[in-house]
Amino acid sequence: MSARYELGVDPDAVSAIDMHVHIEVDGHGHASLPDSLTEASSAYFKAEDRSPDIDTIAARYREWGMAAVVFTVDARTALKHEPNSIEDLIAGAARNNDVLIPFGSVDPRTGAEAIARAEYLAGELGVRGFKFHPSLQGFDPSNPQFHALWAALERIGLPCIFHTGQNGMGAGLPGGGGIKLAYSNPLLLDDVAADFPNLPIIMAHPSVPWQEEANSIATHKANVYIDLSGWSPKYFPESLVKASNRMLQDKVLFGTDYPLITPQKWLGAFEQQSFADEVRPKILKDNAVRLLGLAGSGSR
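Residues numbered from 1 in each chain as written. Predicted model: local features only at pLDDT ≥ 70, side-chain atom pairs only at ≥ 80, totals over all residues. Heavy atoms only, no water.

**Things to note about the pairing of strand E5 (residues 160–163)**
Here E5 shows a buried face lined by Cys160 and Phe162 and a second buried face lined by Ile161 and His163. Sheet topology places strand E4 (residues 130–132) next to E5; three bridges connect them, and they run parallel. Paired with Phe130 across the bridge in E5 is Cys160. Relative to strand E6 (residues 201–204), E5 runs parallel, the two sharing four bridges. Note on E6: the bridge partner recorded for Ile161 is Ile202. With helix H8 (residues 187–195) bridging E5 and the parallel E6, this β-α-β connection has right-handed handedness. (Buried < 20%, exposed > 50% of the residue type's maximum accessible area, 1.4 Å probe, protein only. Helix = DSSP H or I, 4+ residues; strand = E, 2+ residues; numbered from the N terminus. Pairing = 2+ DSSP bridges. Right-handed = clockwise from strand over helix to strand, strands pointing away.)

**Looking at the environment of Met247**
Within the secondary structure, Met247 sits in the loop between helix H10 (238–245) and strand E8 (252–253). In this structure Met247 comes out as partly exposed when scored by relative accessible area, which is 48%. Sequence-wise, Met247 and Asp12 are 235 residues apart; in three dimensions their C-alpha atoms are separated by 26 Å.

**Notes on the sheet that holds strand E1 (residues 16–22)**
The three strands lie next to each other as E1-E2-E3, forming an open sheet whose pairing is parallel. In this open sheet, the two edge strands, each paired with only one partner strand, are E1 and strand E3 (100–102). For this sheet, the mean angle separating the axes of adjacent strands, direction not counted, is 25°. Here strand E2 (residues 66–71) runs beside E3; their pairing, made up of three bridges, is parallel. Note on E3: the bridge partner recorded for Val69 is Ile101. (Axes fitted to C-alpha atoms, helices over the stretch in contact; angles between N-to-C directions.)

Structural data, given as structure tokens:
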């Protein structure tokens, strides 16, 4: 029987919650991506340690005094490549539930199977959210054919992270490895947010080249958030920093994209940016505590 995750993160015991950490190899050594995409993304991000295992990641976040949301992406249809084991990821998070929070992933292009899988991962295995990457998975989230999946996830009631903006996946390859950037336009998520208002949506990353669109959506839709992963804060669009200090201060979330970007590098650059002192703790932890339902959870 697969291990079930029980939340054990004490928000008072950590200084920050990293909302965006990839687990890219499972306990059997199976990688989440084909080699060509792994190598291209490593070069794009200049990553030094591309695929540490989940226990190594947990030990590092424990040492750093942080918690982390961990996930992989199920893109089996688009990539013709099975994902690394999500059951293995959940078991690893369960072993390290003081610092790790697992999100599941399903392939929307598998239809009813994706819905059943999402219900199983949430109901039986205890995942605390879901991760989607429309460009990598090759789908338009606004397409009505996926409405049944979003309706099911709305009933489940857990937050969903969607990749938006520029892609490190396939960067520099001929044709970008066949990965289409348009699927990661945040405007496609505006349809989902409007049609499923009780589905919490996290737009991952500064949404370059569509940052103004992302700012507008997060301002307009109460159920939409932005995580700040995938970019060093020194490269953040000015409009994102300004919005984070004002109307989006309760809706932006710390995230790194580890292991592609380390928390140390991200936080070092964050310190140099013009985020207001009263906003910084909201970004680093408080907003995530509220969104993930960690308040008062304590250690178990």
